[in-house]
Amino acid sequence: MAVKASAARGDPPLLQAAEAAASASCGLALAEALVSNLCFNHNTAAMWKLLDQTMSSRLVHPLHTLALLTARVVPKRREQPEAYRLYLDLLDRYAVAPVYAERKERKSMLAKSIDDAMKIAPRYGFQQLDFGHAVILFVLNLVETLIDCILDDCGLLNISAHEHDNVHTKNTDFDGKGIPIDRGNEHREHLRRKNILMSIEVVEKATANKITQVFLRLVYLNTPENFNYLLRKLQLIGSLKSKNVLPSYNLLDRLTMNIQNVISTGYRLDRSRLLGVLVSTQPCSSSAFGNFGAGKGSSWVPFDMFMENSMDGRYLHTISSVEFLTELSKTLKVLNRATWQETFQALWISALRLVQRDSDALEGPFPHLYSRLCMLLAIIPLSIATIVKEETDKLNGGMVSSIKGELVASLQILVQFSGLLSPPSAAVHLANTAARKAAIVLSNLKSSNDNMYISSKDSSSIKAVGNMLHLIVEACIARNLIDTSAYLWSGYVVPLEESCRAQESPWSALIEGSPLMELKDALMVTPASSVAELEKLYSFAVSGSEEEKLMASKILCGASLLRGWNIQEHIVQMVLKLLSTFLCLDSGSDGRYVQHMPMLHALISGISSVDAVHILSMYGLVPEVAAMLMPLCEIFGSLTPSDHRSCNFEEASVYSVFSCAFLSLLRLWKFHRPPIENALSRRGVSVWSELRLDFLLLLRNSRSALKNLSNVSKSSIFQLDPSFQKPVYIDSFPKLRAWYFQNQACIASTLSSPCNRPSVIRVANIILKIICHKVSKGGILSVNPPSASNSSMSSPPQGVQEDMCQWPTLPAWEVLEAVPFVLEAVLTACANGRLSSRDLVTGLRDLADFLPASLAAIVSYFSAEITRGIWKPVMLNGTDWPSPAAMLPVVESEINQVLAFAGVNINISSQQRSLMPMLPLPIAALISLSITVKMGEFSHVHGIIGHGIEICATSSSWPSMQIIGALWSQKVRRWHDFIILACSQSPFTRDNTAVAELISSCFRSFLGPLVDGRSFYVANGGVTNLLGKALDERGLVVAPGFLYIRSCRLFPDNNFVCEEILKVVIGRARALANGCSSKRHVHLRSDCMPLSAASSVVEQISSLAATMLCHAGMQLIRRICASVRSPLVWCQHLGSWRNIARIHFHLHV
């Protein structure tokens, strides 16, 4: 009655469906009521629309409704051709739709109702049906029913009666009252003939569907006798063609081919696409996608882990993060069956989480907030711009607005993540400035200003409150991804009532013609906001006075390089272009280098900071920067200094420019890695190729060749000076090449063979006399030449003074060539008691002060010596060597706490430690030297000496990292948390048990714990629990995923890592199977956990496992692909669910 009343009021079908649902106790009763009224007491168009609405809105189950309709409409198809036509339309839309998740109790009711309506259990020889059987046999029955209807309506249904005859298709030429059907109605007769053609179309489309293909394949494999009846009827289809009964020959051929493909020996279901067939292949809904903790959002974990990994300043990347994220976005979009809106949304949220994980209180020599904001506001917009351009090139013009519309939608939905949009303290002013810009535009728009983008005098009082969304929008507008209509979004501009006027940018004054030197201080700390401002500054750097050139170089490498995210790619290109203009690659003249020495010193110093080097690495410019630094090292290393003074990094001199360029070059490739890494490469980690300078030059030359070949590089946004596009080879720099091979020889073996160059020996002896002039035991140290008699007759090299208390005025390359022999002599003398530890460290410090570039040789030599295991440990007693005793227990306790919170329960404290802490001599000397480095110079040398200490600590079998941490904590107390975090990674360099616990903890934090062999859901899992939030949120708290990313490159045995991850994946798959256990038939367990929910868990497991393998080493990917080729090797005892996990795992890899 409620439905009739709603129809009488003229309510739309959807409202009528709601009324019907309210009046019915459940969906099953509602379907029976609607179908019984429709067939055929109220056979009206309104009732059919109402039924369609209830099916599409899921008020009734589509399969159950179709089963009821089949039993009533098919036998009356000739009497009611209109109803049969509408039935076919519903069948076409809902018969092979994905099966949605249902409760277990409801599944049983649905299976029984479908069986009661169509009698499929007795027809196919089953006593009872579960839901899985009912769905598959329902589809089989529909295919057979439609084929029977086609054959019967064409007069060809002459198969002998048997148990498989379809009772629904048995038809006569009489209606239900025994009255012959009137065939004189031409319109209805024409409709009956068209229904035959539509039946062919529907059954052909249904059998071509992948879901039907899978179901028919299961029928063929498990109950072939039922499938054979379908084949018999299929044979009669050919008779329709031979008798010219129907004109739809192509449809009949495709129908036959669809069914034959199921049993064809050449036909194989693609197992990697099987899950996408059985569940919905449509894009995930925005509402479901909103969960970015555990659940569907966790399938985007590769974004988060890649971004966090790219923040590790110890490792520079030769491939641009823009290119990597572009390809990763396209891959994850396909794997997650997502739209571009969801993909872009995942990118933004991952980057916002990356920014929130930065800790303002955690100090140390590592990339900070600026590098994280570079990822959010520069790298990701550039990646999206590349994707938009590629999609624009592939699609028609009308589709361009579609992908940009999805980008806009992904930005608008970010307002729901208010916790992530809160700007860090260092970005509050920039966010407010971005919001103020939008407020000025709206103000000008309201006042009908001719140019609404120009700030007027009245607009100086306008202020607005901004957040991270304002910065993101401005970054997208700057790259033409969206337009300024974003300023009109609801709630985008929040005005701030303040009486003070906003301070105008000094860049505006520079554009208007103000002198550069008057604005230099303000320009150094204020980033440029437009390319026009950069071009104005660049004109000073190229054609200004010498003073203006120097200042323009410093400004360009200042705040604009670090914080000019909206135009950062242009700033980076301008810095490198300016640097490349001073490189005379084809000329041997030194005059131009000396002439521009102050400007070169400013440029090299500007790009040598921790954040600057890391930003260049994120843009993939490490090979290009290395190629630019090489000629500078070659030229300035060959020049003779003008005086004997020690080098000062703040002043432009031959030694300071050489040291800056040389140390910056060495930071770009792992020059000090000892031979132990050759052993690691045999364990499955590709490390050697990336350690060589040759690799960087080869990569740079290949990029230049591609640019010259295609004129414009598709993968690079940087276009440098054409003269710099020529290939660069190390043979073009003989001095650098000689040191390069000498350094490799020193790493490979000891200096056992004496040097046959007397000039090198004399320089080494002079350096020894200067740095060890206070030696009193055993006389003055010296490096013995091959022939002592002949050496006394050799003349001193040019530039060496007779006064041995003065440093020689020699080219830097000659000094570096002698340093290894000096180090061997002083280290041997200290080990033998001829040189005190204080004199050793003081001498090394004097050498580093004279030529800072010598730190590279010191680190390389000590790192190699510690791997040889020939040096005895020394006691850190506080007299000869600094003592860590005061801080050591505190450091060890805090390291244990960090590991315990990350799920690694080991004790790093030595069980049999002596009363006095000890370190091998090379490590003690290097750590003592590092303690004496001035903080003002540390940004230049940390990339060299810091990594050297790390290599010494990890290469030695001696447990030394906590001792090093204690010594450094005493030196720089404000770096305490950073030091503890770095030391917490040391257990994973030698202890496989710790590695296994860390891997298990990563899966546990991401997916939840295992309880009694079954997965246990936790609400706070997912990416946030895996990688953590801000590091100082609860003191020094480190999430297991964060610790894994920071330490995975140091794992001692990557074969073990591969096996451990596989073991955890299989264990998780077993737990998933236990949660989906059933006593039903092994091939059909759909009465348990829905396959869509299980596949979502599988996707999370495989995403995390594949991502962890990728970060541990690309060689592991090839190993895992080779290991899982046979599905039964790993998962035979685990059943179909483990096979599904393996398939998805292989797919992600």
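Fair warning: this is a prediction, and the values are worked out from it, not measured in the lab.

Participant: Before we move on, can you summarise the overall build of the protein chain with the specific residues and values?
Facilitator: Looking only at helices and strands, one finds 56 helices and six strands in the protein chain. In the protein chain, buried positions account for 55% of the 1149 residues. For the protein chain, restricting intrachain contacts to residue pairs at least 6 apart in sequence, the fraction spanning at least 24 positions comes to 78%. Accessible area for the protein chain stands at about 48,100 Å²; split by element, carbon and sulfur atoms hold 54% of it.

Participant: Tell me about the packing of aromatic side chains, and please be specific about residues and values.
Facilitator: In this structure the tally under the stated criterion is 18 aromatic pairs. Arranged with centres 4.3 Å apart and planes meeting at 5 degrees, the rings of Phe306 and Phe324 form a pair that is stacked. Placement of the pair is Phe306 in helix α16 (residues 301–309) and Phe324 in helix α17 (residues 321–335), with a sequence separation of 18 residues. For Phe306, a relative accessible area of 8% corresponds to the buried category. For Phe324, a relative accessible area of 40% gives the class partly exposed. Ring centres of Tyr861 and Phe862 lie 6.0 Å apart, and the angle between their planes is 55 degrees; on these two criteria the pair is classed as tilted.

Participant: Before we move on, could you go through the packing of helix α39 (residues 758–771) against helix α41 (residues 812–831) and cite the residues and values that matter?
Facilitator: At a closest axis distance of 8 Å, the pairing of α39 and α41 adopts a crossing angle of 60 degrees. When the interaxial angle is binned, α39 and α41 end up oblique. Helix-helix and strand crossings are classified by hand; for α39 and α41 the assignment is right-handed. Contacts between α39 and α41 pair Val760, Val763, Ala764, Ile767, Leu768 and Ile771 from the former with Glu814, Val815, Glu817, Ala818, Phe821, Val822, Ala825 and Val826 from the latter. Split into classes, the residues belonging to the contact of α39 with α41 amount to twelve nonpolar, no polar and two charged.

Participant: Talk me through the pattern of salt bridges; I want residue IDs and the actual numbers.
Facilitator: Oppositely charged side chains can form a pair if their charged atoms are brought close together. Taken as a whole and judged by the stated rule, the model has 25 salt bridges. When the shortest N-O distance is used, the salt bridge between Lys112 and Asp116 registers 3.1 Å. Placement of the pair is Lys112 and Asp116 together in helix α7 (residues 104–118), with a separation of four residues, close to one helical turn. Relative accessible area serves as the criterion here: at 55%, Lys112 is assigned to the exposed category. A salt bridge links Glu390 to Lys330, with the shortest nitrogen-to-oxygen separation between them at 2.9 Å. Taken as a pair, Glu390 in helix α19 (residues 369–394) and Lys330 in helix α17 lie far apart in primary sequence, 60 residues in all. The class for Glu390 is partly exposed, based on a relative accessible area of 28%. One salt-bridge network, in which partners are shared between bridges, spans Arg77, Arg78, Asp152 and Asp153.

Participant: For the side chain of His976, give the residues involved together with the corresponding values.
Facilitator: If you trace the backbone, His976 turns up in helix α48 (residues 976–983). A polar contact is formed between the side chain of His976 and the side chain of Glu894, at a distance of 2.7 Å. Other than its neighbours up to four places away in sequence, His976 contacts Met887, Glu894 and Ser969.

Participant: Lay out the nonpolar core in plain terms, naming residues and giving numbers.
Facilitator: Counting residues in hydrophobic clusters, the biggest one holds 255 residues, and the most contacted among them are Trp348, Phe662, Phe1003 and Tyr1044. Sorting elements by how many residues they give to this core places α41 first, with 14 residues. Discounting residues that sit within four places of it in the chain, Phe1003 has contacts with Gly1008, Ile1061, Val1064, Val1065, Arg1068, Ile1101, Leu1104, Ala1105 and Met1108. Counting residues in each nonpolar core, the second largest holds 70 residues, with Ala31, Leu68, Leu146 and Leu234 among its members.

Participant: Give a description of the environment of Leu234 that names residues and reports values.
Facilitator: Within the secondary structure, Leu234 is located in helix α12 (residues 224–242). Sequence separation between Leu234 and Gln260 is 26 residues, and the spatial gap between their C-alpha atoms is 9.3 Å. Other than its neighbours up to four places away in sequence, Leu234 contacts Leu255, Thr256, Ile259 and Gln260.

Participant: Summarise helix α25 (residues 516–525); cite the residues concerned and give the values.
Facilitator: Among all positions of α25, only Leu516, Leu519 and Leu523 are buried. Buried residues of α25, viewed axially, fall in a sector of 75 degrees; they line one side. In α25, the exposed positions that point more than 90 degrees away from the buried face belong to Glu518, Asp521 and Val525.

Participant: Any details on α17? Residues and values, ideally.
Facilitator: Between its first and last C-alpha atoms α17 spans 20 Å; for 15 residues at 1.5 Å apiece the expected length is 21 Å, and the two agree. Every buried residue of α17 is accounted for by Ser321, Val322, Leu325, Thr326, Leu328, Ser329, Leu332 and Leu335. In this structure Ser320 caps α17, since a side-chain oxygen of it lies 3.0 Å from the backbone nitrogen of Val322. Positive phi shows up at Arg337, right after α17, with a value of about 50 degrees.

Participant: Any details on the environment of Ser960? Residues and values, ideally.
Facilitator: Structurally, Ser960 is set in the loop between α46 (935–955) and α47 (961–971). For the pair formed by Ser960 and Ser986, sequence separation is 26 residues and the distance between their alpha carbons is 9.0 Å.

Participant: Kindly report on the confidence of the model for the protein chain, identifying the contributing residues and their values.
Facilitator: On average, residues of the protein chain carry a pLDDT of 76, and 71% of them reach 70 or more. Ranking the elements of the protein chain by mean pLDDT puts helix α15 (residues 286–289) last with 33 and helix α23 (residues 468–478) first with 94. In the model, residues 158–163 has pLDDT below 50 throughout and makes seven contacts with residues more than four positions away in sequence or in other chains. Scored below 50 in pLDDT, residues 1082–1087 shows 16 contacts in the model against residues more than four places distant or in partner chains.

Participant: Any details on the packing of α17 against α19? Residues and values, ideally.
Facilitator: Where α17 meets α19, the axes come as close as 9 Å, and the angle between the chain directions of the two elements is 55 degrees. Overall, the two elements α17 and α19 adopt an arrangement that is oblique. Between α17 and α19 lies a crossing whose hand is right-handed. For the pair α17 and α19, contact is made by Ser321, Val322, Leu325, Thr326, Ser329 and Lys330 and by Met375, Ile379, Ile380, Leu382, Ser383, Thr386, Ile387 and Glu390, respectively. Counted by class, the contact of α17 with α19 contains seven nonpolar, five polar and two charged residues.

Participant: I'd like to hear about unusual backbone geometry, residue by residue, with values.
Facilitator: With phi around 55 degrees, Lys119 is a residue other than glycine that occupies positive phi space. For Lys119, the position within the fold is in the loop between α7 and α8 (120–123). Of note, the phi angle at Asn480 is positive, near 60 degrees, even though the residue is not glycine.

Participant: Quick rundown of the environment of Arg77? Include the residues and the values.
Facilitator: Inspection of the secondary structure assignment puts Arg77 in the loop between α5 (62–73) and α6 (81–94). With 115 residues separating them in the primary sequence, Arg77 and Arg192 have C-alpha atoms 8.1 Å apart. In this structure the side chain of Arg77 is engaged in a polar contact, spanning 3.1 Å, whose partner is the side chain of Asp153.

Cut-off values and rules
- Residues numbered from 1 in each chain as written.
- Predicted model: local features only at pLDDT ≥ 70, side-chain atom pairs only at ≥ 80, totals over all residues.
- Heavy atoms only, no water.
- Helix = DSSP H or I, 4+ residues; strand = E, 2+ residues; numbered from the N terminus.
- Buried < 20%, exposed > 50% of the residue type's maximum accessible area, 1.4 Å probe, protein only.
- Contact = heavy atoms within 4.5 Å.
- Areas by Shrake-Rupley, 256 points an atom, 1.4 Å probe, with all protein chains shown as cover.
- Phe/Tyr/Trp six-rings, centres within 6.5 Å; stacked < 30°, edge-to-face > 60°.
- Axes fitted to C-alpha atoms, helices over the stretch in contact; angles between N-to-C directions.
- Parallel < 35°, antiparallel > 145°, perpendicular 65-115°, else oblique.
- Left-handed = near helix turned anticlockwise from the far one by under 90°.
- Nonpolar A, V, L, I, M, F, W, Y, C, P; charged D, E, K, R; others polar.
- Salt bridge = Lys/Arg side-chain N within 4 Å of Asp/Glu carboxyl O.
- Polar contact = N/O pair within 3.5 Å; in protein donor to acceptor, adjacent residues only side chain to side chain.
- Core = buried A, V, L, I, M, F, W, Y, C linked by side-chain atoms within 4.5 Å.
- Arc of directions from axis to C-beta.
- Expected span 1.5 Å × (residues − 1).
- pLDDT = per-residue confidence, 0-100.

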